[in-house]
Amino acid sequence: MIKTINHWIDNTRRWIVSFGAVGFFYLVTWLSSIYKVNFAWYFLFAPLLYFLSILLEKFLFKIVYRFVGLRKMILGLHFIEGYWIEVLSDRGKMDSMAILQIVFEKNNQYTIKGESYTLSGEYRGSFVTPNTTYHEEEPALRYAYSGKMREALIAGTGILEFDAIKQKGISDSFSGHLIDNFHVKGATFTGEKIDDLAHVKSLLAKKAFMRTYITEKILAQRQKVFK
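This structure is a prediction, so every number in the text was calculated from the model and none was measured. (Residues numbered from 1 in each chain as written. Predicted model: local features only at pLDDT ≥ 70, side-chain atom pairs only at ≥ 80, totals over all residues. Heavy atoms only, no water.)

Before going further, it helps to spend a moment on the nonpolar core. With 32 residues, the main nonpolar core has Ile102, Tyr110, Leu141, Leu160 and Phe162 as its most contacted residues. Each residue touching Ile102, except ones within four places of it in the same chain, is listed here: Ile80, Glu81, Gly82, Trp84, Tyr110, Thr111, Ile112, Leu141, Leu160 and Phe162. Counting 12 residues, the second largest nonpolar core, distinct from the first, contains Met94, Met97, Ile194 and Phe209. (Core = buried A, V, L, I, M, F, W, Y, C linked by side-chain atoms within 4.5 Å. Buried < 20%, exposed > 50% of the residue type's maximum accessible area, 1.4 Å probe, protein only. Contact = heavy atoms within 4.5 Å.)

What follows is the structure, given as structure tokens:
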């Protein structure tokens, strides 16, 4: 459950219901003064108002689910949806890369979908992580995942930590760690947001982007060593 979205829906629903109830009360009072009729029976509409409140909550969530721009406005610095490129390191050495996508789902949670590649761009396997929990206090996205790698099943848990959000910046990078049956001692990774979707429109575009990205990372590492 993403708390910020849940709070926004609750608060918006309460404001609409409150204004609606007040408006209905004044309407009934005005009609009562004109037609000299006792409208005390309008209290019978209370159960109906409760039912409409539930429908309103569902309607608001459908709007939030449908419009990514609205979610971006609600979440602000906590907006983490989109495509990311990730470099995984095992025992201090770069081991593989991944192109992943963080997707907002109908159950008010995130799903992480992705593909893993070797450092040379060879496809290793895919993974999906429907079991996620976003913690806004940290802020971090914890997850459990499963998939295939080298024709073998893979399962594990991990965490993405968005350091930029802590510094009141844009969530354009993350770091984290995971553990699974391929990395029994654990592995670490870093990731960056892919703003240009042309990099992920095809497999050829992904591989070209990853080659450029990993080359820059290797050169940066070498420069650190020689300093």
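After presenting the structure, the write-up continues.
Here we come to a nonpolar patch on the surface. Taken together, Val22, Phe25 and Tyr26 make up a surface patch of nonpolar side chains, about 320 Å² in accessible area. Considering the arrangement of structural elements, one finds Val22 in helix H1 (residues 3-35). Classification of Val22 as partly exposed rests on a relative accessible area of 43%. (Patch = residues over 30% accessible without salt bridge, like charges linked within 9 Å, V, L, I, M, F, W, Y side chains within 5 Å. Areas by Shrake-Rupley, 256 points an atom, 1.4 Å probe, with all protein chains shown as cover. Salt bridge = Lys/Arg side-chain N within 4 Å of Asp/Glu carboxyl O. Helix = DSSP H or I, 4+ residues; strand = E, 2+ residues; numbered from the N terminus.)

Take the side chain of Lys206 next. Of note, Lys206 is situated in helix H5 (residues 203-226). Take Lys206: its relative accessible area is 13%, and that puts it in the buried class. Setting aside residues up to four positions removed in sequence, Lys206 forms contacts with Glu115, Tyr117, His199 and Val200.

Let's shift gears to helix H3 (residues 68-75). All of the buried residues along H3 are Leu70, Arg71, Ile74 and Leu75. Along H3, the residues classed as buried sweep out an arc of 120° about the axis, all on the same side. Along H3, exposed side chains directed more than 90 degrees from the buried face belong to Lys72 and Met73. After H3 finishes, the residue Gly76 shows a positive phi value of roughly 60°. (Arc of directions from axis to C-beta.)

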